[in-house]
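A structural walkthrough
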Amino acid sequence: MGRKKIEIKKIENKNSMYCSFSKRRKGLFNKAHELSTFCGANVAVIVFSPKEKLYTYGEPSVDSVMDRFLREQSMGGNPEESEFLFDQHIEDLELHELEQCKASMEEFMMEKRDQLDEIVTRRVPLKNFVGVNSDKNSG
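Residues numbered from 1 in each chain as written. Predicted model: local features only at pLDDT ≥ 70, side-chain atom pairs only at ≥ 80, totals over all residues. Heavy atoms only, no water.

With 26 residues, helix H1 (residues 14–39) ought to run about 38 Å at 1.5 Å a step, and its terminal C-alpha atoms sit 36 Å apart, in line with that. Inspection of H1 places Met17, Ser20, Phe21, Arg25, Phe29, Ala32 and Ser36 among the buried residues, and these make up the whole buried set. The elements touched by buried residues of H1 are strand E1 (43–48) and strand E2 (54–59). Between the side-chain oxygen of the N-cap and the backbone nitrogen of asparagine 15 there are 3.0 Å, and the N-cap of H1 in question is asparagine 13. One or two positions beyond H1, positive phi appears at glycine 40, with a value near 75 degrees. (Helix = DSSP H or I, 4+ residues; strand = E, 2+ residues; numbered from the N terminus. Expected span 1.5 Å × (residues − 1). Buried < 20%, exposed > 50% of the residue type's maximum accessible area, 1.4 Å probe, protein only. Contact = heavy atoms within 4.5 Å. Polar contact = N/O pair within 3.5 Å; in protein donor to acceptor, adjacent residues only side chain to side chain.)

Turning next to the side chain of serine 36. Counting through the fold element by element, serine 36 comes out in helix H1. Taking relative accessible area as the criterion, serine 36 reaches 10% and is therefore assigned buried. At a separation of 3.1 Å, a polar atom in the side chain of serine 36 contacts the main-chain carbonyl oxygen of alanine 41.

Now the structure itself:
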């Protein structure tokens, strides 16, 4: 006996919707874990519940995946191009040039983190961050 097919539409009953959200979030995080484990993919999942509560899953971590995403977006979205820009000439740089490059990269990352924080803050009132579960084994 197989599963019955359900109609894809918003669940109107709030209790049913919250229950379904919880089960489907766990399933989504499980699929993200499987994708990472089986395929070696770096994965980040960010979900806001119907009650505007934030849930995250990341492998190796949400921060590392977001940092990579933001870095590659700043380079035009081409990962090969960003690797080329960072790796091509680094061997030829003097110490003061490397320090300047490091400072510039740190400043850039701080700006992107601030932008991301601003976006998240605009979407979710501060009171909803109480009890945020951001570890990868969240349930």
